[in-house]
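Take a look at the letters that make up each chain.
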Amino acid sequence: MVELHVLPPEVVSRIAAGEVVERPASIVKELIENSLDAGADKIDVDSRGGGAELLCVADNGSGIPCAHVEMAFLRHATSKIASLDDLVHLRSLGFRGEALPSIAAVADVEVSTSAADTELGTYLYIHGGTVVHRESKPRAQGTTIAVRRLFRHFPARLKFLKSEATENGHIAQVVSQYALAFPSVAFSLLLEDRIAVRSPGNGVLRDVVVQLYGTELARAMIRIESSSDSMSITGLAAPASLSRAGRGHQSMFINHRWIRSPLLQRAVDDAYRGLLQEGRNAVTVLNLEMSPDRLDVNVHPGKALVKFADEQAVFRFVRGALKTALMNTSVATDARHLSYTSTGTQYNWSVGEPMEHTPSPHLAATPTPGSEALPPLRILGQLLATYIVAEGPDGMYLVDQHAAHERVVYDSLVAQEAGAAPEVQGLLEPITIELSPTEDSLLIDAFEELSTVGFMIDNFGDRTYLLRSIPAVLRDFDAATILRDILHELSQHSRQDIHARLAITISCHAAVRAGRHLSVDEMKQLILQLERCAQPRTCPHGRPTVIRYDKGELDRLFGRRS
Ligand code: ADP
Ligand code: MG
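Residues numbered from 1 in each chain as written. Chains lettered and ligands numbered in written order. Predicted model: local features only at pLDDT ≥ 70, side-chain atom pairs only at ≥ 80, totals over all residues. Heavy atoms only, no water.

Asker: What is the right way to read the site of ligand 1 from this model?
Answerer: Lining the immediate environment of ligand 1, one finds 21 residues, of which Asn 34, Thr 78, Ser 79, Lys 80 and Gly 97 sit closest. Taking Arg 96, its main chain carries an N or O atom lying 3.0 Å from an oxygen atom of ligand 1. Here an oxygen atom of ligand 1 sits 2.9 Å away from a polar atom, N or O, in the main chain of Leu 100. About the coverage of ligand 1: the protein hides 93% of its 530 Å² of free accessible area. Looking at the shell around ligand 1, the elements with two or more residues in it are helix H2 (24-37) and helix H4 (99-106). Counting residues per element, the shell around ligand 1 draws most heavily on H4, which supplies 3 residues. The class makeup of the residues in the shell around ligand 1 is 8 nonpolar, 9 polar and 4 charged. (Near = heavy atom within 4 Å. Polar contact = N/O pair within 3.5 Å; in protein donor to acceptor, adjacent residues only side chain to side chain. Areas by Shrake-Rupley, 256 points an atom, 1.4 Å probe, with all protein chains shown as cover. Helix = DSSP H or I, 4+ residues; strand = E, 2+ residues; numbered from the N terminus. Nonpolar A, V, L, I, M, F, W, Y, C, P; charged D, E, K, R; others polar.)

Asker: Even after reading the chapter, I still don't get unusual backbone geometry, so can you show me in this structure?
Answerer: The phi torsion of most residues other than glycine is negative, and most of the peptide bonds are trans. A positive phi angle, near 50°, is found at Glu 192, a position not held by glycine. Among the structural elements, Glu 192 can be located in the loop between strand E7 (186-191) and strand E8 (194-198). Despite not being glycine, His 256 shows a phi value in the positive range, around 70°. Considering the arrangement of structural elements, one finds His 256 in the loop between strand E11 (250-254) and strand E12 (257-258). Exposure remark for His 256: the relative accessible area of 25% places this residue in the partly exposed category. (Buried < 20%, exposed > 50% of the residue type's maximum accessible area, 1.4 Å probe, protein only.)

Asker: I'm lost on the packing of aromatic side chains in this one. Help?
Answerer: The description of an aromatic ring pair uses the distance of the two centres, along with the angle that the planes make with each other. By the definition in use, this model includes 1 aromatic pair. Arranged with centres 6.1 Å apart and planes meeting at 90°, the rings of Tyr 178 and Trp 258 form a pair that is edge-to-face. In this pair, Tyr 178 is assigned in helix H6 (residues 164-181) and Trp 258 in strand E12, connecting sequence segments 80 residues apart. Summarising the burial analysis for this pair, Tyr 178 and Trp 258 share the class buried. Note that Lys 137 overlies the ring of Tyr 123, its terminal NZ or CZ placed 4.2 Å from the centroid. (Phe/Tyr/Trp six-rings, centres within 6.5 Å; stacked < 30°, edge-to-face > 60°. Lys NZ or Arg CZ within 6 Å of the ring centre and 35° of its normal.)

The following block contains the structure:
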């Protein structure tokens, strides 16, 4: 017989904790939100061991009165809302009363808080969700919450944490976003005792951008300011020439709440349509303000998603505000950025697979397994500046020039990692690159691998680096953009894949583009090199480099036989 029962409280709280505390960065997010709700204008964050050893958030906010400190750790205990009506007119970032108990369910927590300068503060040590020590201690008004030994008693969760640098990268992203959302709050972030983020707290958004993304971007960004009857938007948007590969530099806030919103992403994409190349993303920091009753923030445990009452109106308003601002500014298109096109993940492959789209559905010209060697090929010419047409002993071959070259470059890079010396191009003038805190963590994490393939990079203080050499295969490209794209690519994958990801991204950038006319010699060279690869028939992304039409298939197409 199936027995039904209500779960004991410790199981319930552990299940709930799993929703809120996904990784160290989610704790940082919750603690920062609490500090902001408490009116703090100075918030200091400290992370060690990728946040698993220590996460500490200290603020100068209102503090928690000594009689209420324990209560703050009870589930659904909150000072922010009291009624359904409050939920509809929500002004605070928090409202669920779940963060502190959830955090205390998965880590040791130390709280030190004082609600007024004159009052003695309260110190609590919470272990296993229960208070094991309490004392009164003097403290300036504000709250410090230190979270230690996260997931120590949850081996399954601990196992899912990525490398320290990756977790720190996520933490840097959270702190950066809140620094952008609240320019009048001074944020600092220490990662493993190194200053990673510092915002001035002077109320000037552009000054926060200088700190996070560097002066080049901050100077170039266009001011966005627009309002309608029901909404207003403020922020900064970069000209299309300073685009990025990922969306890490696209910040969206609603009433200063950091959110993910596919709707707003589409609005941004739409506003930049025609200005950006395929797969590139605009750099934007946008804060949308509207009456809280026009949106529902209670749709996600981490409060990262919202639902708008009128999606269409929001979409049109945001797109319109951006479009107008972009149109009114002469968007300087920098030829340097235009000369370089999309990364591998965005490469348009539809042209490479005509048999899926044309009337000839019977054409069985499927690629053969990747490791099968290529026969000697006689080059006949180039088609659509994209494919090399060649004749082999058993039929016609079409070679995708980009995919084929990607394979060739990839194999040469992998050989370098296996011990061969990298072919390096020294830069006469080193390139200065200012990285965001997230990019900085990724760079530190990948430093060794980057130097293995030929990126010689020196730290020039804080998050500024000097790029002194690049892999020789990238000599004709914009090195700074490629390095940023590589960091973005690395952020999408786990530490284990780092070697392969690097090689894939570099080879995709270095590979000859579709659309470039090749001389017969260039084509011959490429085919020769491809023939020497161990897996000549697929590119590193696993897509075909070569498609064969054998005689039988051609005969069938022409009705010579059925
Ligand atoms: P919520 O933020 O949804 O109310 P939390 O569990 O995050 O729930 O916090 C519970 C309560 O603890 C808050 O409502 C607030 O009263 C108090 N609190 C938490 N952090 C701080 C802080 N840094 N400063 C002042 N009060 C705080
Ligand atoms: Mg909270």
